[in-house]
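Descriptive structure summary
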Amino acid sequence: MGRASIAVFTLILALIYLIYTGSYGVLEVMIALIAGLGVALLLATDLVRDPGKLSITRFSRAVGYLLKYFTIIEAQAHWGVVKLILKPGASYKPAIVRIPYEVSSEYSIVSIANSITNTPGTVVVDVDEDKKFFYVHWINATTLKDQEVRRIVSEVFEKEISKIFE
Amino acid sequence: MIDTILFYLGIGLLFIGGVMDIIASIGFFKFKDFYTRLHAATVGAIGGGFYPLLGVALAVMGLDVDLWFKAVFSGVSLITAAIIALGVPAGSHILARSVYRSREVEPTVIADRLREDLEGGGSN
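So, here's what we can say about the structure. Source: prediction; values computed, not measured. (Residues numbered from 1 in each chain as written. Chains lettered and ligands numbered in written order. Predicted model: local features only at pLDDT ≥ 70, side-chain atom pairs only at ≥ 80, totals over all residues. Heavy atoms only, no water.)

As a measure of interface size, the accessible area lost when the parts come together is often cited. Taken together, the contact between chain B and chain A spans 45 residues of the former and 41 residues of the latter. Carbon and sulfur atoms supply 67% of the area buried between chain B and chain A, which totals about 3,800 Å² over both sides. Broken down residue by residue, the surface that chain B buries against chain A is led by B:K30, B:H39 and B:R113, which jointly contribute 17%. At the surface where chain B touches chain A, the tally comes to 2 salt bridges. (Contact = heavy atoms within 4.5 Å. Buried area = accessible area lost by both parts, 1.4 Å probe. Salt bridge = Lys/Arg side-chain N within 4 Å of Asp/Glu carboxyl O.)

The following block contains the structure:
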């Protein structure tokens, strides 16, 4: 973790502190900077294992992924569940399916699991980190084969997130 | 011009959030199973919690007020939205996992791969 990263992290934390307190006197700015520096020094080695991976390209990919995720993908998933709720007598087939994944870093696993759980219709029930499986409760299972389920549910997340964190 | 667009976009997101909350509460009555109700809860939390906060942030940016007011209100809304987007999946995952492992509720499903793997040890 280089000095530049510590400085960036400190400034972001100080900015969040200042926004939350809402006052911008000299004393407040000093407190924000000191608290931010302390937290940055305390947590930096745990949060960032490999500083070589920090780059502007990865950050812009992450922003692009978040924009796409919170507009298109979430809208489609919401529409699927809202249809099930509002259509009288709609039939659905809930199932707990197995989804293989091929990423290794902890950040990638957590981000993919969060992306799956955050879309309505799929909830990650369990993770097997040795065999690399997610076990996902899917409200309307159209198929039960592992690879086809992966293609429908998690392939888009995995493709984008492996470019950000791997 | 851009202020008006931001304001009405934000109000539209707030409206969508209210509708999503109502639909999620109808879903709680319609779905009978714990796990399927979790999906309705996700609709209520993301559609009815995350998007309205984004809407507040956008609408405040379109108002005709001081800059510090805009910064405080939209900043707090955006940070809270980020915390919701990170916290909600952790909460529903740990609910589902603990209920499944403790066998408090048996899921009514057409296939249960996790039970197969936990008990059989085989794979297909």
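Having seen the structure, we can now continue with the description.
A word on the packing of aromatic side chains. Counted by the stated rule, this structure contains 13 aromatic pairs over all chains. Considering the side-chain rings of B:F69 and B:F73, the 4.6 Å spacing of their centres and the 25° angle between planes classify their relative orientation as stacked. Of this pair, B:F69 and B:F73 both sit in helix α3 (residues 67–102), 4 residues apart, which is roughly one turn of that helix. Here the aromatic residues A:Y65, A:Y69, A:F70, A:F157, B:F50 and B:Y51 are joined through ring pairs into a cluster of three or more. Over the ring of A:F133 we find A:R98; its NZ or CZ atom is 5.5 Å from the centre of that ring. (Phe/Tyr/Trp six-rings, centres within 6.5 Å; stacked < 30°, edge-to-face > 60°. Helix = DSSP H or I, 4+ residues; strand = E, 2+ residues; numbered from the N terminus. Lys NZ or Arg CZ within 6 Å of the ring centre and 35° of its normal.)

All right, on to unusual backbone geometry then. Of note in this structure, A:K132 is not a glycine but carries a positive phi near 60°. Mapped onto the elements of the fold, A:K132 is located in the loop between β2 (122–128) and β3 (133–138). Take A:K132: its relative accessible area is 29%, and that puts it in the partly exposed class. The phi dihedral of B:R103 falls on the positive side, at around 60°, and the residue is not glycine. Locating B:R103 in the fold gives a position in the loop between α3 and α4 (113–120). B:R103 sits in the partly exposed class, given a relative accessible area of 41%. (Buried < 20%, exposed > 50% of the residue type's maximum accessible area, 1.4 Å probe, protein only.)

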